[in-house]
Structure formats: structure tokens, C-alpha cells
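Spelled out, the chains give:
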Amino acid sequence: MDQEFSKQLAEWDRQKYDHKNLLRPSLGHPHQVNQMRALCEDEENRKQDYLKGAEEHTHILQGSAVDHAKDFVDQLANASEQLLLQFDNLLTLDDVDKGRVDPKKHPTSELIRRKAVGVPLEDNEDKNALPRGKGTWQGIVRNELVCGQKPEKTKMTASVTTAKTTLGHSATVTARDQAYQDYQKQFEKALLSIEDQKQKLLTEEERWTASWLGSVEKVKQLY
């Protein structure tokens, strides 16, 4: 894609310098008005082709970035869904029959100390554990990676319901969300780079046009 556009840029550059070489002082003579007009028309056609080509190339790059982003979101959602479902096969404490263990009793002095420092009076080994049982994991945004204004209504990939809730499930969703955020940053950076490239092309053409018109005017003033 870029290689083809580079070839076209080279062709437009060749046409520019051909026109520059054809802009001889003799074209300023009133008898050469038709030749001067034809040369200026050729240059104007080249300019319009250049501007159109730069715009089309920008749209192609933007469209390619958006298409790749859609594929990434779909693949990320599918891969994470498969992992979440696979983690349902992990053995957890809830899958093991265990006897009931009475809570450990502490002496009165220990209870008073705990109360004074604001520590729970009873031990709870599972207080920081994940909720157990079935889990429903929200999908990721599927229509946010676009070129231009983002849609007002957010669309998500499908949620995933698992039979269990384990650290594996939680880690999968955390890694998935981080991967999406990292890709989003790269996507936005790519769009900025595409726009910068377009502006660079337009600026170069504006400078050339100003130089060309100045040269044409100087030639006309010779007679």
C-alpha cells in the first residue's frame, strides 16, 4: 500500500519538475499565451490529482487501522472467553468435601486487645477471597476504536458466564482489559501518525504551489 503510494508520489514529483523546466522565459510573451495556459492547466491537473491521492491514501490507512482494530477486539474477546471457560475445570475448595472446623477461641485478653486496635474478634481466612460460585464477566467495548467521532452508544462484546469464580478467571479478565487498553493507545497513536503524514503532504504541496505561481508571475512580467 505505502509502496504503491510512494511510486505515485515520485510520479507527481517528476511531473512537477517537468513543468518547472517547461516554464521558459519565452512563455511570458503574449504570442505564447496558449502554451502558457496549457502548461498551467497541466500543473493544476497534477495538483488536483495529488490532493485527491493524498486524501484517498489517508482514508485507506485509516480504514485499515479500524479493520485491524475490529479483528483485534474479536480475537481478544474470543480468546478470553475460551480461557474463562477452561478455568471452570480448575479444582477449587468448593469441589472438595471438608469437615466443619469450629472457629478458634481466643482468651479474653486477646479479644480485648483486638477490640482496642480495631481487629475483628474472629479469624476469617477467606475474607480476602474472591466471591465463589458462578461468575458473569462483562465483555469489552467493541465500537470504540474508530476514526473520527466515537459513537454515542457503547456496544460491548458478549458477557461470559462461568460455573466458577477463581483467581484464574479474575487474572484472565484483568489481562484482557490491560491488553485492550494497550492496543487502544497504539491505535490512537497510529491515527495521529496518519493525520500527521497527510498534513505534511498538504504542506509540501502548498509550498510548491506558492513557488509555482510566483515563477509563473515572474515569467509573465518579463514582457
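Residues numbered from 1 in each chain as written. Predicted model: local features only at pLDDT ≥ 70, side-chain atom pairs only at ≥ 80, totals over all residues. Heavy atoms only, no water.

**Considering the packing of aromatic side chains**
The way to describe two aromatic rings as a pair is by their centre distance and the angle between their planes. The criterion, for reference: The aromatic pairing rule takes the rings of Phe, Tyr and Trp, using the six-membered ring of Trp, and pairs them if the centres are within 6.5 Å, calling planes under 30 degrees apart stacked, those over 60 edge-to-face and the rest tilted. Helix and strand labels come from DSSP, where a helix needs a run of H or I of at least four residues and a strand needs a run of E of at least two; each type is numbered from the N terminus. Here the term buried applies to any residue with accessible area under 20% of the maximum for its type, exposed to any over 50%, and partly exposed to those in between, with areas from a 1.4 Å probe on protein chains only.
Enumeration over the complete set of coordinates arrives at 5 aromatic pairs. An angle of 65° between the planes, with centres 5.5 Å apart, marks the rings of Trp12 and Tyr50 as edge-to-face. Of the two residues, Trp12 is situated in helix 1 (residues 2–22) and Tyr50 in helix 2 (residues 33–86); the sequence distance between them amounts to 38 residues. According to the relative accessible area criterion, Trp12 is buried, its value standing at 6%. Measuring from ring centre to ring centre gives 4.0 Å for Phe72 and Tyr183, while their planes differ by 5°; the resulting arrangement is stacked. Linking Phe72 in helix 2 with Tyr183 in helix 4 (residues 167–220), this pair joins segments that are 111 residues apart in sequence. When its relative accessible area of 23% is taken as the criterion, Tyr183 is described as partly exposed. Grouping aromatic residues by their ring pairs yields a cluster made of Phe5, Trp12 and Tyr50.

**A closer look at the pattern of salt bridges**
Our working definition: A carboxyl oxygen of Asp or Glu within 4 Å of a side-chain nitrogen of Lys or Arg is what we treat as a salt bridge.
Enumeration over the complete set of coordinates arrives at 9 salt bridges. Residue Glu11 is joined to Arg14 by a salt bridge in which the shortest nitrogen-to-oxygen separation is 2.5 Å. Of this pair, Glu11 and Arg14 both sit in helix 1, 3 residues apart, which is roughly one turn of the helix. Its relative accessible area of 28% is what places Glu11 among the partly exposed residues.

**Quick notes on the nonpolar core**
The nonpolar side chains of a soluble globular protein tend to be buried with one another. The condition that has to hold: Residues belong to a common nonpolar core when they are buried Ala, Val, Leu, Ile, Met, Phe, Trp, Tyr or Cys residues joined through side-chain atoms within 4.5 Å. Contacts are residue-level and defined by heavy atoms, with any inter-residue pair within 4.5 Å sufficient.
With 14 residues, the main nonpolar core has Val73, Ile140, Leu145, Tyr180, Phe187 and Leu191 as its most contacted residues. For this core, the secondary structure elements donating two or more residues are helix 2 and helix 4. Broken down by element, the residue count for this core peaks at 7 residues, all from helix 2. Setting aside chain neighbours within four positions, we find Leu145 in contact with Val66, Ala69, Val73, Tyr180, Tyr183, Gln184 and Phe187. Core analysis: the second largest hydrophobic core is formed by 8 residues, Leu27, Met36, Trp208 and Trp212 among them.

**Regarding helix 1**
The cut-off we apply is this: Helix span, expected: 1.5 Å multiplied by one less than the number of residues in the helix. Taken from the helix axis, the directions to the C-beta atoms give the arc we talk about.
For helix 1, with 21 residues, the first-to-last C-alpha span of 30 Å sits near the 30 Å given by 1.5 Å per residue. Of all the residues in helix 1, the buried ones are Phe5, Leu9, Trp12, Lys16 and His19. Looking straight down helix 1, one finds its buried side chains confined to an arc of 85°; they lie on one side. With respect to the buried face of helix 1, the exposed residues turned more than 90 degrees away are Gln3, Glu4, Lys7 and Asn21.

These values are about where atoms sit, not about what they do.
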